[in-house]
Each structure stands twice: as C-alpha cells, then as structure tokens.
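# Breakdown of the fold
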Number of protein chains: 2
Amino acid sequence: MSSIRVAAAQINPTVGDLAANARAAITAIEQATVRGVDLVLLPELAITGYPPEDLLLKEGFVADAQIALAEVVAATAGGCAAVIGAVLPADAVSAGSLEEPADAGSRQLVNAAVVASGGRVVGTVAKRLLPNYAVFDEQRWFRSGTGPHQLFRVAGCVVGIAVCEDLWRSEGPAASMAAEGAQLIVSINASPYSLRQQVERRQILADRVAETGCAIAYVNQVGGQDELVFDGGSMVVGDDGHLLGQAPTFVEHLLVADVELHGSLDEVTEGLIEISSIPRRVGPADELDIWPSRPVEEEVYDALVLGTRDYLTKNGFTEAVIGISGGIDSALVAAIAVDAIGASAVRGISMPSRYSSDHSRSDAEDLATRLGIRLDTIAIEPAHVAFSTMLAGPLDGEPVGLTDENLQSRLRGVLLMAISNDTGAIVLTTGNKSEMATGYSTLYGDSAGGFAVIKDVPKTLVYDLCRHRNELAAARGEVPPIPAAIIEKPPSAELRPDQKDEDSLPPYELLDPILAAYVEDDRTVPELIAAGHDPALVERVARLVDLAEYKRRQMPPGVRITTKAFGKDRRMPITSRYRSTSGR
Amino acid sequence: MSSIRVAAAQINPTVGDLAANARAAITAIEQATVRGVDLVLLPELAITGYPPEDLLLKEGFVADAQIALAEVVAATAGGCAAVIGAVLPADAVSAGSLEEPADAGSRQLVNAAVVASGGRVVGTVAKRLLPNYAVFDEQRWFRSGTGPHQLFRVAGCVVGIAVCEDLWRSEGPAASMAAEGAQLIVSINASPYSLRQQVERRQILADRVAETGCAIAYVNQVGGQDELVFDGGSMVVGDDGHLLGQAPTFVEHLLVADVELHGSLDEVTEGLIEISSIPRRVGPADELDIWPSRPVEEEVYDALVLGTRDYLTKNGFTEAVIGISGGIDSALVAAIAVDAIGASAVRGISMPSRYSSDHSRSDAEDLATRLGIRLDTIAIEPAHVAFSTMLAGPLDGEPVGLTDENLQSRLRGVLLMAISNDTGAIVLTTGNKSEMATGYSTLYGDSAGGFAVIKDVPKTLVYDLCRHRNELAAARGEVPPIPAAIIEKPPSAELRPDQKDEDSLPPYELLDPILAAYVEDDRTVPELIAAGHDPALVERVARLVDLAEYKRRQMPPGVRITTKAFGKDRRMPITSRYRSTSGR
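Residues numbered from 1 in each chain as written. Chains lettered and ligands numbered in written order. Predicted model: local features only at pLDDT ≥ 70, side-chain atom pairs only at ≥ 80, totals over all residues.

### Quick notes on the sheet that holds strand 21 (residues 451-452) of chain B
Residues and elements named next belong to chain B. Defined as follows: Two strands qualify as a pair provided DSSP detects at least 2 bridges between them. A run of H or I in DSSP counts as a helix once it spans at least four residues, and a run of E counts as a strand once it spans at least two, with each numbered from the N terminus. Contacts here follow a simple rule: the backbone-placed C-beta atoms of the two residues must lie within 7 Å. All axes here are fitted lines through C-alpha atoms, helices being fitted over the stretch that makes contact, and every angle between N-to-C directions spans 0 to 180 degrees.
Judged by pairing direction, the sheet is parallel, and its five strands sit side by side in the order 19-18-17-20-21 without closing on themselves. Sheet topology places strand 19 (374-377) and strand 21 at the edges, where each strand pairs with a single neighbour. Two strands pair when backbone bridges link them, and strand 17 (residues 320-323) and strand 20 (residues 426-429) are joined in this way by three bridges, in the parallel orientation. Bridge pairing in strand 20 links Val321 to Val427. Relative to the sheet, helix 6 (residues 328-341) contacts strand 17, strand 18 (346-350) and strand 20, its axis offset from that of strand 17 by approximately 170°.

This is the structure:
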C-alpha cells in the first residue's frame, strides 16, 4: 500500500490571458507545495483558458502559449510536481503516438497534459478522445493521442493521465491505463456546467473507479467563457469508491486529499517516468474537504451569476443597464446582475408606453428599491408618435398590429443602446428560453444588448429561480429582492391593450416540456404526439421553433445551463424546408 | 479499351425539402436516361441538401430521408444507373467498414454514396475523409468509412466512388481505389464557392488524374444555403488529363460526357459489384460540353446574386427592402437584389438626416431610376429630435459623438424593420467585410436586417464589382446601373458634418490587405510587421478586429465568397484577452 497527496487546483482562467493564467497556475503550485502536496493538477488547457477556439489557428498564439507554459513549468523547481493542461505543437510529443487527421486538413496541435517536476517537463500526454459534439469542436484543432499509455511514478504510486473526455468512455483510455498498471488516474478537465452534468459526472467517476480499480483525482476549471460556465466541483475518489474530497462549485478552490492506494505494482510496464516528490511532508491533510451537492435552483442561480460576472469583467465592463418592465424576466435578470457586480453598478430603465399598466410601473419601482439600484423612467410616447407619423406615408397609414408592437420594443432598444453608448454600461437583455425558442421577442427590440443572461432558462424555471432567490434572502434575514406581485401576475409584453403572453403562446406549463423534448432531446413531431402531447399544440410549437431560427442567430450570447442551448450547441440551418409535421 | 457515358447532374437542392430534392434527382435520372447515359451522378447529400447540420440529430429526419431516397432509387428501374449522395444509418452499410468515433459520442450516421440500378440499391460507399475544419463539421455527425474499397463495373468499366473530401488527399482514397483496380473515379460533391476554390479544384483533379491514372467525373451542387453558395462547375477529366466536360457555374446543368478508359482490368479484386447498363445507346454524346472559366469579378458577382436569390426564395421571401444612402455599398446591394429577384420586387428607402449631403440624395435617386426600383424618402429628423429630447435627462444632456451617430443609424434600422414587418419584405443590409472586420457599423442600425449580402466582400472588391456590373451593362447596351458619382466620391457614413470613412479607418487600399492577412490567413501582428506593414497601423487594425467580435456575432448571415468568412468559418471567442501586439 502506498499513499499520495494530490491537489486539484480549481482555477478560473481567462481565454487568451496567457500571462494571468500562468500566474494563477504558479500560485496554485506554490500553495500546493506549502501544503505538502506530491502532485497538483491544473485544468485542461489551463494556460490558454478553455476553449480558445480559432485562436489556435494562429501559430503566433500557440507559440506565445509555449512561453507561458515554460514559466509554469519553471515554477515546479523546488516545488511539487504538476500536471498542466496546455496546447502543444504535435512535434513536441513523441513521434508515432498521434493519429492522422480524419480529413485532408493539416492539424498539428495536441490538447496535452504536461507533467512538470523540478522545473522541467518530464513527460507529455496527448488527449485521445476529442469531443466533437454538442458545444465541442476539438477535432477541428487537435490530433488524437494513440498507442501505449505513458505512466508516471510519484511518491511510489503509478499514475496515469486522462484529459477530460478520456475518462468518459468505458473500455476506453482509463481501462487501458489500469491494465497497464496505473493505480491512480488523474483527470484534468474543462467540463462546462449543465443541469444534469454534475450528477452524470459523479456517476462517471463511480463507474470508472468500479471498472478500473483505480483511484481518481479529477480537477475542473471554474468560470464563465462566452456562453459556457464551468462549475468546478473537482473531486477525489479512492480506489474503493469512497469520496475523499469534493470542491465547492462556481468558486476557485484548492482541493487537497490524501489517497491510499491498494493495488500492486507488478504489472507496471517498462518506460515508467519517475517523478521526484520533493516536498517535505507536513503531517496528514486536513480533515476531508467535502462540499455538499445542492438543489438545482441554487446551482443554476449561481451559474447565471458567475456566467454574467465573468462575461462582464473579462470583457472589461464595470456597469450594466437593464430595461425594467415590471415583469418577472427583467426582475430576475436585475437580481442576478446585482449579485454579480453589485447594486451600485446596475442601472434600471423603465420605459412605459401608452399600453403600460400602472402596476408595471409600481412593480418596477418596488423592484429597484428592494435591489437598491438606480431607476430612470423614459416614456417612449414622443418617439412612438414621431415614428407613427414618419411611417404613415410609406406604410399607407400608421403602424398597427405586430408592426406597432415591434416598433415599441425597438424604441426601447434604441434608448438602452444610447445609454450604453454614452455610459459604457453593457445592456443585459431579459428574454428567456421559452421566448427564444418560439420567437416571442423583437429583433433589435427586447433582444438588443450585449449579454442575454437567462436566454437558456425556460420560463417555468424563471419562476423557480425567483422563488429561490427570495427564499435565500428570507433565510438570511434580508428583504426578498423580487416583489411578490411580479411573481404572481400573469406574464404580459404590454405592447397592446390588455395583452397577455397566453394570447400568443400556450401556457408555459404546457409549452416548456414540449420545447425541452423538441429542442433538447431532438424529438420530432410524430414522436411527441406518440408520447401523448396534444397534436395541434405540438405542430404549432415545432413550427414556431423552426421559423424563429433566423432571430436566434442574431441574439446576444448568454449563459448555457441546459444540456442543449441555442447557439453552437444546436447548429440548425436557417434555410430549411424540413417540417416534421407531415413526416416530410 | 472501354467507354462509358457519364452525366453530372448539377442540381440545386434545398436543405430539408426532401420531396423536392427527390423530384429533382428523379428528373435528372430521366433526362440522363434519354441521353443514353450509363451512370448519372447526383451531388453529396443530394436528398437532404447540404449541409443539413443538426437536422441530422433528429432520428425522424434521417428516417424521412430514407423514404425520399427510396423514391429516387426506384426511379432507376428502366432508367440509367445512378450514384446518389444521401445520409444513411450506420447499420445500412456493411459491418466492420466504419471507424469508431474518436470521442465518447454515439454517432450512427454515414455520409454515403448510394449506387442504384434497376430500381434497387446495389451498393453503398461511406465517405472516409470527413472535413472538420473551416465551415465544415462533418465529424460532428458522421462515422468514416474504412477498409478495402467497394468497386463497381458499369459498361465494362471499373468504377470507384469518392465522396467529396475523399478526392482531396494525395495518397488517399483515390490512390487506393486505383491500386485496387478502378479506371474511373466518380466524385460526388457539395463544395462551396470561395475566391480561390475553382482554381484549387481544377488543380486537385489534375493532380489526382496524374497520381492515379484514372479518369474522374466530378459533380458539384449549385445554390445558396444560408452563408454558403455552391458554384457547381462539375467536370469530367479523361485518364490522359484532357478535359472532357465542364459545366457552367451558378446554374443547374446536366453535363454529359463520353469517357474512354485505357487501363486494364487485370488488377480488379474480388467482390466487384456489376451494374447493368440498361439504356440504349443514342449515338455519341454531343460535342464536348465545356463552359469557359471566367474573371473573378464575374464569378463573385454571380455568387452574390445566386446566394441572395436562394436565401430569399428558399425562405419564402418575394420582396426586399434596402436603405439607400447614396453610397457605394447600398448601390451594389441594390444592383445585386435587382439581378436576384427583379426590380419590381425591390424597394429602396432613402432616410436622410440633418447631416446628409445633397449629392447623397440625388445619387440615391439616380441609382433608383437606373435600377427601376421604387424609392421612398423618410427624413429621420422628427425621430432624431424626439430621442435627443427623451435622452437628455438620463444622459445629462442630448446625445453627442458616437452616441448620436449610432442613434441616427438605429433610427434608420427601426424604420426599415417597420417596413419589413408591415410588407413582409426582407431587409437587406449593406455592410461590407472591411466594416464587419473593424466594427465600423452600428449594431441594430445599418446592420439590422435579414441578409447581409456583401458582408464577406472587402471594400476594395466592392468597387471592382460595381465597375464589373456597369461594364456588363455597357457590353449589353444597357444603362450602367450604378452612377459614376457613387463610385468616384470618397466613402462617408454621413453621421456628422463632413464625416469621411478615412477619418476613422485607414484607406481601404492599406486596410484590406492587412485584414486579409490577419483574418483569412491567421497571421499575427508581429508576422504582419515582419512582412513590411506599418507597425502602428497593424496594431490598430488587429485591435479593431479583435474588439468587434461581439458585433459580428449578432450580424445577419450573408454570402461567403472568401476563403474565410466571419461566422462558422472563423470561430473566435468574444471573451479573449489575447492581444498579439506584445507577443502576449
């Protein structure tokens, strides 16, 4: 039996900020060294941040990343050994150990784990399974590792390395490493959050431990990157399946755990790389560092806050402006914004029209008061009148119907963007996923802005999140931020007299399950009908979703929280005559 | 020596329109049969249209595509044999001949060539090289073919089948097929147009003929599909390298050619599939059907016209509306729109502001007269005044500077969108690639609309295209559509007094080459400086490009004509701190 102290450095890199990411990695190595760690794990592509996307096609970027990597490697001199996620040129890994690309392209990069000790690189491992589905495009940039696994010995333990996806397939790289003699598999990840992801991830680790008999140390990055938010939740599981450590989610953390290994070393192949374990032991690790899992609303809310905060701060925004209608969507977005960057950095704009109700205005004011944000009011009537008059000639009469509804929404968009241009504050849009899906929004109107905070949140979950946020406040003895009236009144866009969402859309309790099945699970209309949904309703919803693709293509980015968000997760053609209604 | 008559059916499928695509394929088979063809080739994924993207993730869609395919296969009863591009479930091709996916995904589809004769499927061939770069994501959906090639014998000739990319790699599938005995390689394609593509494609065919000693029959689809436009240009090349047929570009065409084959059949492997060649011979094919290659401006102009026409018609639009500023970009877009859907379906809107010059208004009128389109004029002053007043409070004074410039642009966007909502006409936007690249545009202003016709056309090429269109008119004895004054005056956005583009941007003759190197060739700032560009200029341009990514993400689609368009061709993160200026 042998024992190793590992650390999972759950850091928050910024894509492209090579110097800052290197500094964060060096800091983690220093902290792990102080705590007597043998081997510290940094996330997948920690030097570049994940995903660097087509920055990888710039040779100069890859070259700059090698300079930053070298600084991190140098920091292991006199400190503990480290496994560092980094892009490498293909010729930096041993020849013959890479697959040819499966097309006529000329990819020459590897998504690698670099093992550093004593200030130098002692080995590199190429990722084998390159995810190319959902939001992932890794076969666009990388070549796969192949052949026998390179194993390492640290503190008397035989260690194999899996880069993210490599751990996900049964009878895959993890099983091979175990067969070749690994006792501990270290897994470096950049695995984005989605609703079912944490449960699935814990199950994968349990399955792999059961399959391989190895202990697993798993590190995941944290932070927002465009539409993705990474939740961390790094874990260490013993070879008997016991949880030895679990980091909190959505925050940076250095998770340290001692792992006892029971396997024998008999089967270890030739070619093992020895890693000297420098640190003086500082006694046993602290008591188990295990943070509990939490209810889904808490997770999602935290994901939205972190995704929003990181989009703003990493893109240099210090202030946000939000159109506050008095409805529930803008209330939730305002609460998230305040939790992300503070009330003093958030400004609400109420933009009543001739159709706005008194309760909308008072609810907007109540919300702003509870959140402690500034609220300006700009009535859109003068612009509404001006445009109606200007358009009367070309349209043979003043705008009516949908044209007039969209007009009002766009006048608000113009106001918010003018305030954004003048102040430098980013406009946060307030559309939810149910609206995105059905096209129940106005291009350049309510959808105009820099970040669409809740674009992947179905309307029914919007209600749950508001209730959660209010309950959290109550539990803390604070004023619940979202007025009860906003949660209780029927949703309305207020673009014509007495308008209700349910005049145009099915009730959200009926709509959202159909959307989830049609969008996230790729079910077709006949399949949904066979599953018991109302046929006319299903056909109508599917048609709305199909026809709104052109609108979604022009939406701002927003936080992905489901298993399939609109965007690079769902690459539907705009031009498509496929309507699954008739089977043809 | 043997002889075969082949036909390349250069059709224009619509993604998802399974019934219409099947009808077009059946018509091609019927026409080829009449002309005594032995084997007719339909493009890659002709049944679904290319690229069907994530429609492929819907099992119901794939099932519906099999029904449409079966109708096309049935049409070969009593007609000539056909090679049909179609998606197949993996279990429809022989076991053991497919690669495992290179990740933990579960793809079960094949991008296939289906060989049909006598009304039934006689063989299937899976695409081997699945492009996963540039605009292509084929490893997202498909598994690769592997193992020995399935060859066919038709009219005494041994035929191998390459699906698109399979022909592109030297020492690849084409070479293996030749080594296994093929005399003729038929290549079914969906290969999008770009500036250098036609030259490259002719070179590839010449290289493959030289490498393999096989004749090659190459079919490519035509038509627009979202941002892609396919140029056709199908070709037949003899085994001695002589061109035996070349279809015209950007139009549907049935290219028929007789191919003499000089190789012997000695090396042919077991397992050859015999295809009965039913048709009665109707004498030799007509004289060689060879359409000449054309100058680049002609090609690009035709690409823009077809891409625009197909986006509109395939999405159900019959009319277009364009903001006509009196500048060159809107002039070119209007000319393209008229060539795409006819003058009576195009409406121009002149929207002068307090800063618009007299010559802009008169140039707009002259353009509309030449093109024969309706032109309405709506002065934006009333709305400009209304918004300035409404914003004075929240902004502590009326909007000035960039806020005021963007405001004017957005008021125009609101007007055009209202007209679009009221009439059902699509708004065509007029921004060019130089503006897209540098962010010299207003979100929700001049960029608001359904299709961005020239978004991938650099400004210098905009001038060339206008001159080309005028020369074409002159050659036809028609009135040149674009007034000389529009081509000759310095470009200006006219959003403040005496504004010129060159106040904000470098001269386009300097800018465009830097943009091409930075964007299309992925060069970094140090590399561009080393190549002799002005250092300060390069740093400024690179920064403009980097910072405008968020704007580009919300632009409408438009026709891709370069080797790297913004969009799925260039997947840059919005959130990125990488600035190659300092090397870090």
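### A few points about the interface of chain A and chain B
Our working rule: Basically, the charged four are Asp, Glu, Lys and Arg, the nonpolar ten are Ala, Val, Leu, Ile, Met, Phe, Trp, Tyr, Cys and Pro, and anything else, Gly included, counts as polar.
With 86 residues of chain A in contact, the opposing surface of chain B contributes 86 residues. Top element by residues in the side of chain A that touches chain B is helix 9 (residues 401-423) of chain A. It accounts for 14 residues. Its residues assigned to classes, the side of chain A that touches chain B shows 43 nonpolar, 21 polar and 22 charged.

### A word on helix 1 (residues 18-34) of chain B
Residue and element names in this part refer to chain B. Note the cut-off: The span you would expect from a helix comes to 1.5 Å times its residue count less one. Burial in this document is a count-based property: other C-beta atoms within 10 Å of a residue's C-beta are tallied, and the residue is buried at 20 or more, exposed at 12 or fewer, or partly exposed in between, with C-beta positions derived from the backbone.
With 17 residues, helix 1 extends 25 Å between its outermost C-alpha atoms, agreeing within 8% with the 24 Å of an ideal straight helix rising 1.5 Å per residue. Burial in helix 1 covers these residues: Leu18, Asn21, Ala22, Ala24, Ala25, Ala28, Ile29, Ala32 and Thr33. Backbone geometry just after helix 1 places Gly36 at a positive phi near 75°.

### A closer look at the confidence of the model for chain A
The condition is simple: Confidence scores labelled pLDDT are given residue by residue by the predictor and lie between 0 and 100.
Mean pLDDT over chain A: 94, with 96% of residues reaching 70 or higher. In the predicted assembly, ipTM is 0.95 and pTM is 0.96.

### Quick notes on the relation of the copies chain A and chain B
What counts is decided by this rule: The fit set for superposing copies consists of C-alpha atoms from residues with pLDDT of at least 70 in both; the fit itself is least squares.
For these two chains of identical sequence, chain A goes onto chain B by a turn of 180° and a shift of 0.0 Å along the axis, with RMSD 0.0 Å. Accordingly, the operation relating the two chain copies is best matched by a two-fold axis. When C-alpha distances to the rotation axis are compared across chain A, the minimum falls at Gln554(A), with a value of 2.1 Å. When the interface residues of chain A are mapped onto chain B, 100% of them again lie at the interface, so the same face is used by both copies.

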